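Single-letter residue listing:
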Amino acid sequence: MARTGLYKSDVKKARDSLLAQSKNPSVDAVRVALGNTGSKTTIHKYLKELEEEGGGTEGRKASISEALQDLVARLAVQLQEEANARIDTIRAHSADKEKQHSEALTALQKDLHVLSGQLKQAEAAMHQEATAHSHTRETLQRETISRHTLEQQVTDLKERLAENEAHRRSLEETSARARCARALPPIGQGTARPGSAPA
């Protein structure tokens, strides 16, 4: 059975119910909540009166909601910008560090190349020194052997000289004895005895 009249209290209950459900309390929505009863003009009038009685509370709520949404949006943009700036700073810092590491690595590679060259030169010089030392050692060994040989030859010559000197002295002594023997008269042919007549 249709309702005989529509009261402001009914409209208020329907509107509050829609707001509690986070729905927009439009004229059509309120009329549906009222069971499709009441004229739209009456519902609109009561809604306007309720809004005026509330001192525009719903409007302020809507404004506050929009302001909060705008603030959240601006904060999100600001946070995104700050995050992007932070990321750019980190990337720039990382790029600088990478550049420094690359330069340091290049310098180390150059130092390594120089040290490798110096090491090769030192090894070559050491090899030359070892070769020269080997030649010197061989020369010294040859000279030592030659000196020993010469010393042995000198010793042999001295011995031969001593032998020759001894032989010469022996010959001289033999010659002297021979001369002395020739200078003596033969036995039995000495001088005449005193008082004897020659034969």
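Remember, it's a predicted structure, so these values are computed and weren't measured experimentally.

K.L.:
So what's going on with the overall build of the chain? Which residues, and what values?
P.N.:
A tally of helices and strands in the chain yields 4 helices and 0 strands. Traced from its N-terminal end to its C-terminal end, the chain shows the element sequence α-α-α-α. Burial analysis of the chain (199 residues in total) assigns 8% to the buried set. Within the chain, residue pairs in contact and separated by at least 24 positions form 43% of the contacts whose partners lie at least 6 positions apart. Total accessible area on the chain stands at roughly 17000 Å², and carbon and sulfur atoms take up 57% of it.

K.L.:
How would you explain unusual backbone geometry if you had to name every residue and give the values?
P.N.:
Phi angles above zero are rare outside glycine, and Ser22 is one such case at about 60°. Here Ser22 is to be found in the loop between helix 1 (8–20) and helix 2 (27–33). Of the residues examined, Ser22 reaches a relative accessible area of 69% and is grouped as exposed. A positive phi angle, near 60°, is found at Asn36, a position not held by glycine. Given the relative accessible area of 47%, Asn36 is considered partly exposed.

K.L.:
So what's going on with helix 3 (residues 40–53)? Which residues, and what values?
P.N.:
With 14 residues, helix 3 should reach 20 Å at 1.5 Å per residue; the first-to-last C-alpha distance of 20 Å fits that figure. Taken together, the buried residues of helix 3 touch helix 1 and helix 2.

K.L.:
Explain the nonpolar core to me, and be specific about the residues and the numbers.
P.N.:
Core analysis: the largest hydrophobic core is formed by 11 residues, namely Leu6, Val11, Ala14, Leu18, Val27, Val30, Leu34, Ile43, Tyr46, Leu47 and Leu50. Residue assignment for this core shows that the elements contributing at least two residues are helix 1, helix 2 and helix 3. Here this core takes 4 residues from helix 3, the largest share from any one element. The residues contacting Leu18, other than those within four sequence positions of it, are Lys23, Asn24, Pro25, Ala29 and Val30.

What counts as what
- Residues numbered from 1 in each chain as written.
- Predicted model: local features only at pLDDT ≥ 70, side-chain atom pairs only at ≥ 80, totals over all residues.
- Heavy atoms only, no water.
- Helix = DSSP H or I, 4+ residues; strand = E, 2+ residues; numbered from the N terminus.
- Buried < 20%, exposed > 50% of the residue type's maximum accessible area, 1.4 Å probe, protein only.
- Contact = heavy atoms within 4.5 Å.
- Areas by Shrake-Rupley, 256 points an atom, 1.4 Å probe, with all protein chains shown as cover.
- Expected span 1.5 Å × (residues − 1).
- Core = buried A, V, L, I, M, F, W, Y, C linked by side-chain atoms within 4.5 Å.

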